[in-house]
Structures are given as C-alpha cells and as structure tokens.
Amino acid sequence: MNPLLINQNNFSTIFWKILLSSRNGLEKKDLELLSAEILSLQSLRGQADYNTGTISPKSALWLYFLTRYFKPSTIVEVGTFIGTSGLSMVMGCDSNNLPVKFYSCDVSNSIDIPYKGKSTVEFFKKSDSTQMFKQLKDRGVSPEMFHIDGRLNQDDLPLLVDLKVMDAIILLDDFEGVEKGVVNAFALQGIINKTHVMAYPPKPEDCSFKDLDEMFPGTCTTAVLLPQKFLSLTRQ
C-alpha cells in the first residue's frame, strides 16, 4: 500500500493555518499595541553604527503569533538591530501572561532597546553569535526557540549542538532566493536534518488579513524548522 505523502509545500500551508488559531482571545487593541510598538522602534535608527534593514510589520505579526502559539520559555536571537523581531516575540509571550527569557546579539550595534514588560531581556551589544552562544552555554541556558536573523558561521555549529538546537524550534529570517535564511538552513542541515521539518514562509494568500493588512503591511519571509516531536495528530 502507498503511504500518505505530505510534501513541504502542503505541510507549510497547514502549519500557517494552524498558527492562525493563536489569534483567538486577542482583542484589536492588543494588535494595535504591537503595531505602535514596532513603529516606535524606527526612531532608534539614529543610534545605529550600521543602519540596515529590519523585518516587515507582517513578519513581526507572524513572530508574535508564533511565540503566542508555542509559548517558549527561553528564546535566543541572532541579529537585534532596532529590536523589531525581538520585541514582537517577547510581546507574543507576554500576551499569554507567560514571561520569557530572551537573549539577542548584534555584532554591529549597541542600541538601547526599550522594554517595560515582565519578561527578562538581555542584549549582547557589539557581540557576534559565537560570543553569545559561548556565554549562554557557560550559563547552562537551554533555549526552546531560536530566531536567526544573521549569518551563522562554522564556529557556531558545535555551540548550537551544546545548546540543544536539535530540540528547539528554529525561525529563519530572509528565507528566499540566496538570502541568509536559505544559507543558514543549509548550514544547519548536518545537525537537524533528521529531527526537524521545515515550514516555508507563508504564501501571500496565507498572509492576508483583511482587518490587519493596513496595520501590518508587507510579506513574511520567516521559515520555521519544527522538531518532529512537536507534531501530533488530533481528533479535532
């Protein structure tokens, strides 16, 4: 008999549709607050030594939904910049009244990211991913989610093994063409090839919210590497 085959495109569509359930229980004012917060971060560009791009408002919205759905207790991010992605993920956790421990590094900048919530946030300024990973390993930190918005290097890979990346959800920004998200996915294959399944970034038709598109314009370029242990069939 033939097995039921689900390719990555089909899985990706299902994945993002399920993620939409994280919208349940949210009020419009919650998302208005998210929008206002990420827009306010643009003013931090004046502190930047290296003024680069940041994620789209639509990507920020999906990061919020991702952390609200999965409820990680510890998140590690590579690539802080003005804090758009980091703040979105932390606010997603805060929306569940479940504070998160959040760590982020930026090799080029030392921007002060404002945050007044109940979660614990730590920024490794002017530090690369290898330096941050080494410190987190020495502290015994066990991340449940990684957000990679910078290019990983070979020295990072053994440290990621030490940080148990095989058990963590991995979010890859800029997953398109030959951008860094695709490069990082290839770099991680030797570690997570047998443990994770990939959800490609949501298609425009999966990404459209009639009531939110004006507030959160753009497209999402975040791919997700999900540990297979997080997959489960349900009756409903």
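On a predicted model such as this, the values are computed, not experimentally measured, just so you know.

## Observations concerning the side chain of Ser 119
Then, number 1: Among the secondary structure elements, Ser 119 is positioned in the loop between strand E2 (101-106) and strand E3 (120-125).
Then, number 2: A relative accessible area of 9% means that Ser 119 is categorised as buried.
Then, number 3: Polar side-chain contacts of Ser 119 include one of 2.9 Å to the backbone nitrogen of Val 100.
Then, number 4: Setting aside its immediate chain neighbours within four residues, Ser 119 contacts Val 90, Asp 94, Pro 99 and Val 100.

## As for the packing of helix H3 (residues 57-70) against helix H4 (residues 84-94)
Then, number 1: Two elements in contact, H3 and H4, have axes whose closest approach is 7 Å; the angle formed by their N-to-C orientations is 35°. Crossing geometry of H3 relative to H4 is assigned as right-handed. For the pair H3 and H4, contact is made by Ala 60, Leu 63, Tyr 64, Thr 67 and Arg 68 and by Thr 84, Ser 85, Ser 88, Met 89, Met 91, Gly 92 and Cys 93, respectively.
Then, number 2: Partitioned by chemical class, the residues of the contact of H3 with H4 number six nonpolar, five polar and one charged.

## What about the side chain of Thr 84?
Then, number 1: Relative to the assigned elements, Thr 84 resides in helix H4.
Then, number 2: Among the polar contacts listed, one links the side chain of Thr 84 to the side chain of Thr 54, at a separation of 2.9 Å.

## Comments concerning the packing of aromatic side chains
Then, number 1: Enumeration according to the criterion identifies 13 aromatic pairs in this entry.
Then, number 2: An angle of 65° between the planes, with centres 6.3 Å apart, marks the rings of Tyr 64 and Phe 65 as edge-to-face. An identical accessibility class is assigned to Tyr 64 and Phe 65; each is buried.
Then, number 3: Seen from their ring centres, Phe 175 and Tyr 200 are 6.2 Å apart, and the 25° between their planes marks the pair as stacked. Note that Phe 175 is positioned in the loop between strand E5 (169-172) and helix H7 (180-192) and Tyr 200 in the loop between strand E6 (196-199) and strand E7 (223-227), a separation of 25 residues in sequence.
Then, number 4: Each residue in the set Phe 11, Phe 15, Trp 16, Trp 62, Tyr 64, Phe 65, Tyr 69, Phe 70, Phe 209 and Phe 230 is aromatic and connected to the rest through ring pairs, giving one cluster.

## Side note on the pattern of salt bridges
Then, number 1: Going through the model one piece at a time under the given rule, you end up with 10 salt bridges.
Then, number 2: Close ionic contact of Asp 213 with Lys 58 constitutes a salt bridge, the shortest N to O distance being 3.2 Å. Here Lys 58 lies in helix H3 and Asp 213 lies in the loop between E6 and E7, a separation of 155 residues in the sequence.
Then, number 3: The buried category is assigned to Lys 58, whose relative accessible area is 4%.
Then, number 4: The partner of Asp 149 in a salt bridge is Lys 180, with the nearest N and O atoms 3.1 Å apart. In this pair, Asp 149 is assigned in the loop between strand E4 (145-148) and helix H6 (156-162) and Lys 180 in helix H7, connecting sequence segments 31 residues apart.

## Focus: the environment of Ala 168
Then, number 1: Tracing the chain through its elements places Ala 168 in the loop between H6 and E5.
Then, number 2: Sequence separation of Ala 168 and Ser 142 is 26 residues, and the distance between their C-alpha atoms is 8.9 Å.
Then, number 3: Ignoring any residue separated from it by four or fewer positions in sequence, one finds Ala 168 in contact with Pro 143, Glu 144, Met 145, Phe 146, His 196, Leu 225 and Pro 227.

## A look at the sheet that holds E2
Then, number 1: Taken in spatial order, the seven strands of this open sheet run E3-E2-E1-E4-E5-E7-E6, and their pairing is mixed. The open sheet has two edge strands, E3 and E6, and neither has a second partner. The mean inter-strand angle of the sheet, taken between neighbouring strand axes irrespective of direction, is 15°.
Then, number 2: Bridging between E2 and E3 involves six bridges; their strand directions are parallel. Across the sheet, Lys 101 pairs through a bridge with Thr 120, a residue of E3.

## Let's talk about the pairing of E6
Along any regular strand, the residues point their side chains to alternate faces of the sheet.
Then, number 1: Here E6 shows no split at all, with His 196 and Met 198 on one side and Val 197 and Ala 199 on the other all buried.
Then, number 2: Two elements, E6 and E7, share four bridges in a ladder whose sense is antiparallel. Its bridge partner lying in E7, His 196 is registered against Pro 227.

The rules behind these values
Here the residue numbering is sequential within each chain, running from 1 through the sequence in written order. The model is predicted, so local features are restricted to residues of pLDDT at least 70 and side-chain atom pairs to those at 80 or more, both for listing and for counting; the totals for chains, interfaces and linings are taken over all residues. Calculation of side-chain values draws on the structure's entire complement of heavy atoms; hydrogens and water are dropped beforehand. Helix numbering and strand numbering both begin at the N terminus, where a helix is a DSSP run of H or I of at least 4 residues and a strand a DSSP run of E of at least 2. Under the scheme applied here, a residue whose accessible area is under 20% of the maximum for its type counts as buried, over 50% as exposed, and between as partly exposed, the area being computed with a 1.4 Å probe on protein chains only. Pairing of N or O atoms within 3.5 Å defines a polar contact, subject to two protein rules: one partner must be a possible hydrogen donor and the other a possible acceptor, and residues neighboring in sequence count only if both atoms are side-chain atoms. In what follows, a contact means two residues having at least one pair of non-hydrogen atoms within 4.5 Å. Every axis in this analysis is a line fitted to C-alpha atoms, fitted for helices over the stretch in contact. Angles between the N-to-C directions lie between 0 and 180 degrees. Take the far helix as the reference: if the near one is turned anticlockwise from it by less than a right angle, the crossing is left-handed, and if turned clockwise, right-handed. Note on residue classes: Ala, Val, Leu, Ile, Met, Phe, Trp, Tyr, Cys and Pro are nonpolar, Asp, Glu, Lys and Arg are charged, and everything else, Gly too, is polar. Pairing of aromatic side chains requires ring centres within 6.5 Å, counting the rings of Phe and Tyr and the six-membered ring of Trp. Pairs whose planes differ by under 30 degrees are stacked, by over 60 edge-to-face, and all others tilted. The term salt bridge refers to a side-chain nitrogen of Lys or Arg lying within 4 Å of a carboxyl oxygen of Asp or Glu. DSSP bridges decide pairing: two strands pair if at least two such bridges lie between them.

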